[in-house]
Each structure stands twice: as structure tokens, then as C-alpha cells.
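# Summary of structural features
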Amino acid sequence: MRSPSLLAPIVRASSALVLILSLASAIAASGHEWPEFRGPTGQGHAPGAKNLPIDFANPQNVAWKTSIPGKGWSSPVIGGNEIWMTYGVDVPATEEQKRERLASNTGNQPLVISARVGFHAICVSREEGKVLADVDLFAVDNPQPVHDLNSFASCTPVLSGNRLYCSFGTYGTCCLDTKTRNVVWLNQELKIQHENGPGSHPILFEDRLLVHFDGSDKQSLVAFDVADGSIAWQTPRSGEMHSNPQEKKAYGTPLVVEQDGRPVAVSPAADWVYGYDPRSGDELWRVSYGDLGYSTVPRPVAGHGMVYVCTSFNRSILLAVRYEGVAKPEVVWKFDRQVSQKPSPLLVGDELYIVSDKGGVLTCLDAQSGEERYAERLGGNFSASPLFADGKIYLASHEGEVFVVAPGPEFELLSQTSLDGQIMASPAAVGEELYFRTAASLYRLQKPKK
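Summarised in this report is the structure supplied together with it.

Conventions and cut-offs
Residues numbered from 1 in each chain as written. Predicted model: local features only at pLDDT ≥ 70, side-chain atom pairs only at ≥ 80, totals over all residues. Heavy atoms only, no water. Salt bridge = Lys/Arg side-chain N within 4 Å of Asp/Glu carboxyl O. Helix = DSSP H or I, 4+ residues; strand = E, 2+ residues; numbered from the N terminus. Buried < 20%, exposed > 50% of the residue type's maximum accessible area, 1.4 Å probe, protein only. Polar contact = N/O pair within 3.5 Å; in protein donor to acceptor, adjacent residues only side chain to side chain. Contact = heavy atoms within 4.5 Å. Pairing = 2+ DSSP bridges. 1 Å grid on protein atoms, 1.4 Å probe; cavity = no way out; pocket = protein on both sides within 12 Å on 5 of 7 lines; lining within 4 Å. Points joined across faces, edges and corners; volume = space filled by probe spheres on them. Nonpolar A, V, L, I, M, F, W, Y, C, P; charged D, E, K, R; others polar.

On to the pattern of salt bridges, then. Following the criterion strictly, the structure yields 22 salt bridges and no others. Counted as one network, the salt bridges with shared partners bring together Glu33, Arg126, Glu433 and Arg444.

What follows is about the side chain of threonine 156. Relative to the elements of secondary structure, threonine 156 occurs in the loop between strand E8 (146–147) and strand E9 (158–160). In this structure threonine 156 comes out as buried when scored by relative accessible area, which is 0%. A polar contact is formed between the side chain of threonine 156 and the backbone nitrogen of serine 75, at a distance of 2.9 Å. When sequence neighbours within four positions are dropped, the list of residues in contact with threonine 156 reads Glu36, Phe37, Ser74, Ser75, Val77, His201 and Pro202.

It is worth spelling out unusual backbone geometry at this point. Following phenylalanine 313, the chain continues to asparagine 314 via a peptide bond in cis, the omega torsion being 0°. Its place among the elements puts asparagine 314 in the loop between strand E22 (306–310) and strand E23 (318–322). The phi dihedral of glutamine 338 falls on the positive side, at around 55°, and the residue is not glycine. With respect to the element layout, glutamine 338 can be found in the loop between strand E24 (330–335) and strand E25 (346–348).

Where burial is concerned, most of strand E11 (residues 173–177) is hidden: five out of the five residues are buried. Alternating positions in E11 separate into two faces, Thr173, Cys175 and Asp177 on one and Cys174 and Leu176 on the other, with burial throughout. The sheet contact formed by strand E10 (residues 163–167) and E11 spans five bridges and is antiparallel. Residue pairing across strands places arginine 163 opposite aspartate 177, the latter belonging to E11. The turn joining E10 and E11, which pair antiparallel and follow one another in sequence, is formed by five residues; a positive phi near 60° is taken by glycine 169. The pairing of E11 with strand E12 (residues 183–187) spans four bridges and is classified as antiparallel. Each residue of the ladder has a partner; that of leucine 176, found in E12, is valine 183.

What follows is about empty space enclosed by the protein. Overall, the coordinates contain one cavity of 30 Å³ or more when judged by the stated rule. In this model, the largest cavity occupies a volume close to 50 Å³. Trp34, Phe37, Arg38, Gly44, Ser75, Ser385, Pro386, Leu387, Ser426 and Pro427 are the residues that line the largest cavity. Across the lining of the largest cavity, the residue classes break down as five nonpolar, four polar and one charged.

What follows is the structure, given as C-alpha cells:
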């Protein structure tokens, strides 16, 4: 069993295999330590994190806990002394409104139906845990329903300079000035039928904000101009999909990688994973899942010349798609046991980790061959994506259980402790600090300073 400390050279070697070109990396280097969903690399790694706690039952390791109003599953983004998240406050619909709204939904999922929802961005002090600002961004009457496991504010914002970019799918995308607390722009042009509510996280590339808009009715990748919120380009999905509208929707998030010296936005949608030019929106390639895949949620990870994609529903399959050194990207191996439908995979060196939504089965695979190293049941239900920080893997369940596992081809559970409240948002780590958002609170976890 390799110790976490011995993994550093392996992790560095793996990192050298893929150059993630999202602007978030540059943002992090300039002081925005956790700028977007899954951190500065977009792959769930916390560069520079150290001396992190693993025992949260010890009150000395809880630096502070702050109540967060409303409901939202967006993950925290961090820059300087500011931590930003989003949340929604909804007004329940009447019984008549519920009947009307259900008539326009093509599925049979358990839904939350509201008469009105207000969208907010909240800022918490990193040092003290005090609420510094609570900004009312905009409101929508008669919003589309959301799945009862979802929220109106599940999409993690992006922090860049003094701008916070927030996407709420069909309800609207906006930019907030974090200094003045004013909304700089709001775009509500794009309307799709999410069926279960929005779930795609925006990402920044240069002067473009890339967002998936994959509904049951229309499907595309969109780039907003960050200066004014206008649509710089919109590229419809070109691959043939299932005739059932429910099986055309997706909730994915792109990852920008380098392929043959050029940036490529790897974008998982229903039935296909696409590669686009993030500057122009031109489709460069697409690869079929080979089996039905829709409601796709996990964000891909990349390494070893491959990108790893989970297809989600009905039965999730993990695909390793080679995109480097080939004339046309292709699937080189598949894995189909206990594959994540919502949590994103995690790549650490030569090992690839996935955790199943139900039952919490953590599976470790050889990233190059797809060979299973182990499969261990943690228990519980999972939506949050795993985090690699300080040589350890952190996983958080709906039930508020946090599991800390040593990386490597053999399973080693380092700790299991509980936080108060449901966890759907993915954790963040900066320096010696860990952040977990639960249903009602934000935690800063840190060993006491000597």
C-alpha cells in the first residue's frame, strides 16, 4: 500500500499528461483559489492543500459553521477573503398551478412546483464565517418544476476578478460585480425544457462563459460574451438521439483540454460526447456512447491521453475516450458496474475512482486499462463529487457522512465522520482549509493553529 506522501510524484506525473486550459487555472494563480466547480483544474484536485483534518467529530477542527438561507446545491467558490454560493427562495404553487405545470412535463419524476422563485448570491467571509453580502439577483414567476433531489440553484458559479458568473439554466444567466454587489448583465433569452431543473455548471474560457443547454426539447452548447452577456455562439447537438424527449436531456459540464496543440471543450450530452472549439463553437468531433445515455451529470476528467465520461442513465457506463495521438477520438475501454450517475469521477495518478449514487460503492480502476482494483461499499447515497486534497480522497454522502480514503490500488478507509445536514454540493479545499456546504450551513474545517 502506497502512503499518501509517496503519491506526490505520481500525481505530478499524471498532471503533466493533460494540460487543462480553462481560464480557471489562470484565475487561481492570480488569487482565486477555488474559482469554479471542482476547483482550479476542474477535476476535483486541490493544488497546495496541506495539513487538512479528517476527524470532523472533534469540535476543535470546526473553525466555523455559518447558516445559509434558502435552498441551493451549488458548491462554494473562493477568492481572497470571499466565499460565494447561490441559493433560491421559492413560493409554493397552488394545487391548480401544480396541475397546469405537470401537464407540460413529459416525465414522471417527483417534482417541486413553485409559483415564484428568487435567485440569490451570498458571500461569506473566509476568515470569520460572517455573511458579507446577500444579493437578490433576479426572480422568475411560474418557474419550471425541479426534481425534489435538485434545487433551483444547483449550478456552481464561476469567480473571475471582481465578477461572479451565475447560471440558472432556462431561468437566466447573469454576471455580478462582487465589489459593488450590482448585477452587470442578465440574459434570459435561452429557453429549454429541463424537466428536472437546471444542473449544468458554467465554465470560463478566455472571454467566453460556456454553458450546456440540453433540454428535452432543444440541445446545444452556448458561449456567452463575458463583457455584456450576449450570445457569442450557440452550437446545436448534431448526434442522433432517442425519440423519447426524456432521453434527450442532460445536465453535464464541459472540460477544456489540449488536443494536438489546440484547446478543445469536451462536452458530454445525451448519447454522445462532443469536442468543440471553445472560441468558435465549431464541432471538431463526436463519439457515440454506444448504449443509451442521458440525464448525463458527471463532469469528465482527463489524463493519460484519454477523457473519462460517465453516461448516467438508465445504466451508467464509464467510457475511456482516447483523444491524443489518434486521427479520430475513440472509446478504448468501458466499465459498467456501479458507475456514477451524478458524482464526477476522480483521477489520481494511475487510478480512477467512481462512487455509485445508491449504496455508495467506491470503485478504483486502473486508468489506462480499466481493470478493477477494488470495489468497496461505503454506504449511503451520493451526489457530491469526490475531492483529492492533501494526499487524501474526501467523499460526502446525502446523509452527511464524510469518508476519507487513502489513494492507491488497495482500499484504506482513514476516517468516517458526520456533518449536520444533507450534503449535495461538492467540497472545496484551499491551503489548510476544507469547506463543506450542507443543506443549511457552510462549514470551514481546519486543524487548530498551534
